[in-house]
Each structure stands twice: as C-alpha cells, then as structure tokens.
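Given next are the chains, with one letter for each unit.
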Amino acid sequence: MNKMPGNCLTTAMGILPHDNIAEALQVSLAVDIAFWPQLPRYSFYEDMYVQVSENFPGILLDAEKRKIQLNTPNFYQELPAYAEHSADENIFKLSDHYAAALNTFLQQDLSKYKIIRGQSVGPVSYGLKIADENLKPIIYNDDLRTFLFDFIARKVNMQYRQLQAVHPLPFVWVDEPGLEILFGPFTGYSSDRAHKDFQAFLDLFEGPRSVHLCGNPDWSFLLSGLDLDILSLDIFSNGHIFTRYVDEVRAFLKRGAIISWGIVPTLTEELNTASVHYLTGKLEAYWRYLDSQGVGMDMILDRAWLAPARCCLINPDGTKSVEKAFQFINQMSALLREKYNLA
C-alpha cells in the first residue's frame, strides 16, 4: 500500500444533512480527500445501519416506522441461499436504492484528488445497535457475530474495489460509534473479546485499515495493537483526553499512521461562537503539548488530516452550519500549510 500523504489535507464525516444529491456532492468534493455522501434525509435507506444491511440474511426493514431488526429463524433459513451466491461480489455492492450518491460520485473526474474515500458502519456498532426478535443485540449471538464481521468486511472490500477502479489511492473507513459504548459497565461484550474480533475483521481488509468515530472510547484500544492506518476522531470534544495517550500517539504516528483531527464543530451553537483562528489555536495547543512530550511537531504535521468534528443532522438551519464547517476546515488547512510550509 502506498503511504498516505498527510500535511493537513482535509476530509470529513460521510453523513451529510442534505436531501439533494447534487448539492451534497458539491460539499463532499470540496475537500482534499473527496468522499461520497450518505444522505439519511434523502432516504431511510441512507441510514448507515440500514445501508449496510442490504442482502444481510434475516434483516427486516420497515421504512414507514424507520425500524430495522433481525429475525433469527429467517437468518438461518436464508443463510444457505446467501452462501450459494456469496461468491458473486455484486451482492456486496451498495445499490442506488441504498446509496444514492455512490455511483454518481464514481462517475466524477476524481483525478485531481490525491486520495478518495468511502465509508461503512462498523461491525461493533452494527452488532450493538441491531437487535433480534427478542430485542437482544445480535453481537451477543456467536453465530450472528461471526457472520456480521465477515459480511461487513466483504462490503468494505467491495466498496474499496469500486473506488480503486477510478482512483489509485482510495480507502474506506468504518464508522464505529459503538466503540464508546463498548467500555461502559453494561455492555456484556468484553473489550478483550471485541479487540480480538476487531483485529480479525481488520485483517480481512484489502485496503488501508481505517476507523472513524465521534465518541470517547478507551483510546488505547484503537491506538495499540490493531495496526490501524487511519484514525479519525472528534478532537474538538475529546482532544484533552486523547492527547493524554502520549506514548500510544507517538508510536501510532511513528509507524506512519494518519490521525484525522476533527476540530471544527458542526452544531450551530458551537460553530457560531468559534472562528477559524480560535479553532486553529485550539488544535495547535494540542499539538504543542504532544510536541513538548516528545511527539515531534514535524511528525504530527506529516501524519495529520483535518476534518469537521462530527456529522450533524439536528441543526435548525438545515445544511448551512455543516457547509460553514467545511469552509472553516479548508481555511484552517490553508493557514497551517502556509505557517508550517507544508506541501
């Protein structure tokens, strides 16, 4: 795999609040690392949990009630047919019905971008969120858990191949908000078990091993032992905690991995009280602290991307605040590239 360039390139979370594909693509193509947008306001099937469920045996979708559930008897009944057809990679493709912007994105001229990106919900989050007919999360069923880790890996690899067909340096990150829940006292799915399962899952990746999350897990889980190539996080909310993991961050960057620093808030109330210079200073303060602890600034910058802090679908102004966050992140990148003489 080619080494990913850093130097404060910009990207963003996959979910956008738009209900118009063309307008959403204008936004997602306006960053350095372009991506196809997920649009849950456009369709129920764009919800990231619904999206990855296409062709998953036993899944029941109710668009009217906006509900997703797995029926265990149906799962076992449909499993033989799935096994028979699983050699056909097309069953792992996201159709237009489930990912309206993907094929349009793939038809764009993407040659000017150094990197392009896709995304998928990850297996831990999916397994904790999706319940069976007894309202039990499917991650607690050994058969279902084994299947879902393999199934989502196949989905990720299929998407990676689609991106690779139009660009020499793509990747797909998995969105794992459930990793924060994992370390709570009531999960019932141990972090040790999850670490083994997740490592085996990442070992199946054909492309870079990439994780995005907005929450605040035990960062050692992600920084150590998984050989991640890319970690994307909400540094605006969690930077004071994340930067305590000095040794892990140093080792992570030293082996060439990328940190995508989600620094620009997308919630209207937070964004309206911020500025490009304030947020740049906030980010640099975290970097200076790490530098003072022996994580060299040159290495931090060489392995850094910038991004909005998280997706946001709840702003009363619709798409305006999110689009403003994208403008901020590009302005911040320009400032930092000039200041530190980055290519």
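What counts, and at which threshold
- Residues numbered from 1 in each chain as written.
- Predicted model: local features only at pLDDT ≥ 70, side-chain atom pairs only at ≥ 80, totals over all residues.
- Heavy atoms only, no water.
- Pairing = 2+ DSSP bridges.
- Helix = DSSP H or I, 4+ residues; strand = E, 2+ residues; numbered from the N terminus.
- Contact = heavy atoms within 4.5 Å.
- Axes fitted to C-alpha atoms, helices over the stretch in contact; angles between N-to-C directions.
- Expected span 1.5 Å × (residues − 1).
- Polar contact = N/O pair within 3.5 Å; in protein donor to acceptor, adjacent residues only side chain to side chain.
- Buried < 20%, exposed > 50% of the residue type's maximum accessible area, 1.4 Å probe, protein only.
- Core = buried A, V, L, I, M, F, W, Y, C linked by side-chain atoms within 4.5 Å.

## A few points about the sheet that holds strand E5 (residues 115-121)
Thought 1: The strand order across the open sheet formed by 8 strands is E1-E10-E9-E8-E7-E6-E5-E2, and the pairing between neighbours is parallel. A strand with exactly one partner marks an edge of an open sheet, and here the two such strands are strand E1 (9-10) and strand E2 (33-35).
Thought 2: Direction of pairing for strand E6 (residues 170-175) relative to strand E7 (residues 210-213): parallel, over a ladder of 3 bridges. By the bridge assignment, Val 174 is partnered in E7 with Val 211.
Thought 3: Its contacts with the sheet place helix H15 (residues 320-339) against E1, E2, strand E9 (258-264) and strand E10 (304-308), and it is angled at close to 155° to E10.

## Focus: helix H6 (residues 142-164)
It helps to recall that an α-helix has 3.6 residues per turn; residues three or four apart then point in one direction.
Thought 1: For H6, which comprises 23 residues, the first-to-last C-alpha distance of 33 Å matches the rise-based estimate of 33 Å (1.5 Å per residue) to within 8%.
Thought 2: Of the residues flanking the start of H6, the one acting as N-cap is Asn 141, its side-chain oxygen 3.0 Å from the backbone nitrogen of Asp 143.

## As for unusual backbone geometry
Thought 1: Look at Asn 7: it is not a glycine, yet its phi comes out positive at around 55°.
Thought 2: The residue Asn 7 is located in the segment before E1 in this model.
Thought 3: Despite not being glycine, Asn 55 has its phi angle at roughly 70°, a positive value.
Thought 4: Considering the arrangement of structural elements, one finds Asn 55 in the loop between helix H2 (48-51) and strand E3 (59-62).
Thought 5: For Asn 55, a relative accessible area of 43% translates into the label partly exposed.

## A closer look at the pairing of E5
Thought 1: Across the 7 residues that make up E5, a large majority, 7, are buried.
Thought 2: Here E2 runs beside E5; their pairing, made up of 3 bridges, is parallel. Opposite Ala 34, over in E5, you have Ile 116 as the bridge partner.
Thought 3: Inspection of the sheet shows E5 paired to E6 by 6 bridges, in the parallel sense. Residue pairing across strands places Val 121 opposite Asp 175, the latter belonging to E6.

## Considering the nonpolar core
Thought 1: If you look at the biggest cluster of nonpolar residues, it comprises 116 residues, and the most contacted ones within it are Tyr 126 and Trp 287.
Thought 2: Looking at which element gives the most residues to this core, the answer is H6, with 11 residues.
Thought 3: Discounting residues that sit within four places of it in the chain, Trp 287 has contacts with Cys 8, Trp 261, Met 297, Ile 300, Leu 301, Ala 304, Leu 306 and Leu 336.
Thought 4: One finds Met 4, Leu 9, Trp 173 and Ile 258 within the second-largest nonpolar core, a separate group that totals 10 residues.

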